[in-house]
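Now for the letters of each chain:
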Amino acid sequence: MSEQYDVIVIGGGPAGYESAIRCAQLGLNTAVVEQWLGKDEKPKLGGTCLNVGCIPSKALLESSHHYDDAQRHFKDHGISVGDLSVDVPAMIARKDKVVKELTGGIEQLFKANGVEWLQGHGKVLADKEVEVTPHKGKAYSVHADNVVIATGSSPVELSVAPFDGEYIVDSTGALDFDSVPEKLGVIGAGVIGLELGSVWRRLGSEVTVIEAMDSFLAMADETIAKDAQRQFKKQGMDIQLGARLTKAEVKGRGKKKQVEVSYTDSKGEQTASFDRLIVAVGRYPFTDGLFTSNADLEKDERGFVLVDDQCRTSVPGVYAIGDVVRGPMLAHKGMEEGVMVAELIAGEYAQVNYEAVPSVIYTDPEIAWVGKTEQELKASGVDYKAGTFPMAASGRGKAANNTAGQIKILADAKTDRVLGVHMICQSASEMITQGVLALEFGASTEDLQLTMFAHPTLSEAVHEAALAVDGKPIHIAPRPKRK
Ligand code: FAD
Ligand code: NAD
């Protein structure tokens, strides 16, 4: 083991592992300090995303979607399957297998690229010295010319609803229920609440979501948020808005244990009883035991490591990326920051376009957007034009029996430049990249209008929404002219 590196990355999640691999590709002698222990108590790479985040949640969303489809939609295609049942432990085991293969894959990539993995806890000392405390054995110090902090985030715990790992759980606990809870409570109608609430609803749970804000999905475009709220209601998800949790307690004994929940809403004090409660009210930047005071690193008022647009901290040669710094807590945002920092360290020019970070909620229908929402454009006084296209008018959507949702494009009224693309529909997670490319390339709606889209595809709805911006969609009837 070398004691001197060109780069030491602390944290082997998507931000950290991508950064390390890119550093190694650029010829830098690189090590990653990572402390994660899996369910099997063995060290793992991949961070939140691969172990308990993006990947396992999508594995369960996929499995539960198949069940839901078989139960509710197969008959529309003339397919009958008789009595359906779910083997929850088998579903969880498949999810765990996916996680194992992917986290092992990062280990292989490290080996192939010559990235060294220092297992254990990393602490930044003064002068870019890093202390590594292994799971077993003595702490030791290593030094690097550059240090990259990529220590991620952790779930917020509410003092009125402390996690017990079994009945009141965070997102990690909600990925490992051993059976389908009859009644499931979810605190927070954010991304995790909606995705994991959907998993267990599809498998048969009666789901109630308790959300403090008065508006639903405030970060999304209002048209899309309203449509989403309607779809979730139709699916049987009970979403209580303006509802603030005051207490959650596990009561009863043995199999009769229940989570008793109290909350206040516009009607006053409310109570509810659930078999399990997921608390998903956000995540906080994880910096526990990360640096000594003489490391001189600054944090902002919310605890994020303070960085500039190119992820430089207050200490020269020390960078911070991913969930531990400002910006959306998204794996792809952290990955791009990781690559940018590696290239900066290697002396190249690099930047991240924070104006074109896509957001996706992997529900059914999926919700995705990039760029400005209509309410943001209104608030900033931008003169804009808008076009929408309903998926009910999409031939491919019809053929797939999936006509829910719509696509909306916002453009500058004077320059025609695309400012925002918003969608709620099947495969929105894939289609949103068209919007990201439009923003990256500074496209106009005319560019999208003149682009040929394959037929029949769901993507044609993007074409039609672009045409609708100028009032000329082909597959929706024009509004009757006023006499
Ligand atoms: P992390 O992935 O959190 O990795 C940080 C790593 O640093 C961890 O492995 C940790 O063990 C290690 N570490 C921390 N401190 C130390 C230390 N001092 N020494 C050594 N190691 C340390 N995002 C998406 O874009 N798409 C999704 O679909 C999506 N789904 C999600 C679903 C769930 C249920 C959750 C919880 C999150 C989801 N996210 C999703 C968010 C995504 O997981 C995070 O944005 C992403 O993992 C952040 O990457 P990161 O590398 O910054 O941090
Ligand atoms: P979130 O910020 O998306 O949603 C939290 C919700 O909880 C908010 O709507 C908030 O108003 C509500 N809330 C807060 N305090 C409350 C209280 N006391 N009572 C009731 N409601 C309360 O956070 P999350 O869902 O926990 O997700 C955390 C992060 O993980 C997000 O920032 C997201 O970017 C990331 N993530 C992304 C994906 C994805 O990209 N598909 C999936 C999961 C998680």
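Computed from a predicted model, the values in this text were never measured in an experiment. (Residues numbered from 1 in each chain as written. Chains lettered and ligands numbered in written order. Predicted model: local features only at pLDDT ≥ 70, side-chain atom pairs only at ≥ 80, totals over all residues. Heavy atoms only, no water.)

**Student:** It is not clear to me how the site of ligand 2 should be interpreted in this structure. Could you clarify?
**Tutor:** Neighbouring ligand 2 are 20 residues, the closest being I192, E195, E211, G282 and V360. A distance of 2.8 Å separates an oxygen atom of ligand 2 from a polar backbone atom of G282. Bound to the protein, ligand 2 loses 77% of the 840 Å² it would expose on its own. For the shell around ligand 2, the element with the highest residue contribution is helix α6 (residues 191-202), accounting for 3 residues. Per-class residue counts for the shell around ligand 2 are 14 nonpolar, 3 polar and 3 charged. (Near = heavy atom within 4 Å. Polar contact = N/O pair within 3.5 Å; in protein donor to acceptor, adjacent residues only side chain to side chain. Areas by Shrake-Rupley, 256 points an atom, 1.4 Å probe, with all protein chains shown as cover. Helix = DSSP H or I, 4+ residues; strand = E, 2+ residues; numbered from the N terminus. Nonpolar A, V, L, I, M, F, W, Y, C, P; charged D, E, K, R; others polar.)

**Student:** How do you make sense of the sheet that holds strand β18 (residues 359-361) when you look at a structure like this?
**Tutor:** Strands in a sheet are paired, the pairing made by backbone hydrogen bonds, and the direction either parallel or antiparallel. One open sheet accounts for 5 strands, arranged β18-β19-β22-β21-β20; its pairing is antiparallel. Since the sheet does not close on itself, it has two edges, and those belong to β18 and β20 (384-390), each with one partner. Within this sheet the neighbouring strands show an average axis-to-axis angle of 10°, counted without direction. The sheet contact formed by strand β19 (residues 366-371) and strand β22 (residues 418-425) spans 6 bridges and is antiparallel. For I367, the partnering residue across the bridge sits in β22 and is I424. Contacting β18, β19, β21 (406-412) and β22, helix α11 (residues 428-440) crosses the sheet at an angle of about 10° to β19. (Pairing = 2+ DSSP bridges. Axes fitted to C-alpha atoms, helices over the stretch in contact; angles between N-to-C directions. Contact = heavy atoms within 4.5 Å.)

**Student:** Would you mind going over the packing of aromatic side chains with me for this structure?
**Tutor:** Geometry of an aromatic ring pair is reported as the spacing of the ring centres plus the angle between the planes. With the rule as written, the count across this model stands at 2 aromatic pairs. Where F177 meets W200, the ring centres are 5.2 Å apart and the plane angle is 55°; that geometry is what we call tilted. Highlighted residues: F177 in the loop between α5 (171-174) and β9 (183-187) and W200 in helix α6, separated in sequence by 23 residues. Considered together, F177 and W200 belong to a single accessibility category, that of buried residues. Pairing F216 with F232 gives two aromatic rings, centres 6.1 Å apart and planes at 80°, and the pair type is edge-to-face. (Phe/Tyr/Trp six-rings, centres within 6.5 Å; stacked < 30°, edge-to-face > 60°. Buried < 20%, exposed > 50% of the residue type's maximum accessible area, 1.4 Å probe, protein only.)

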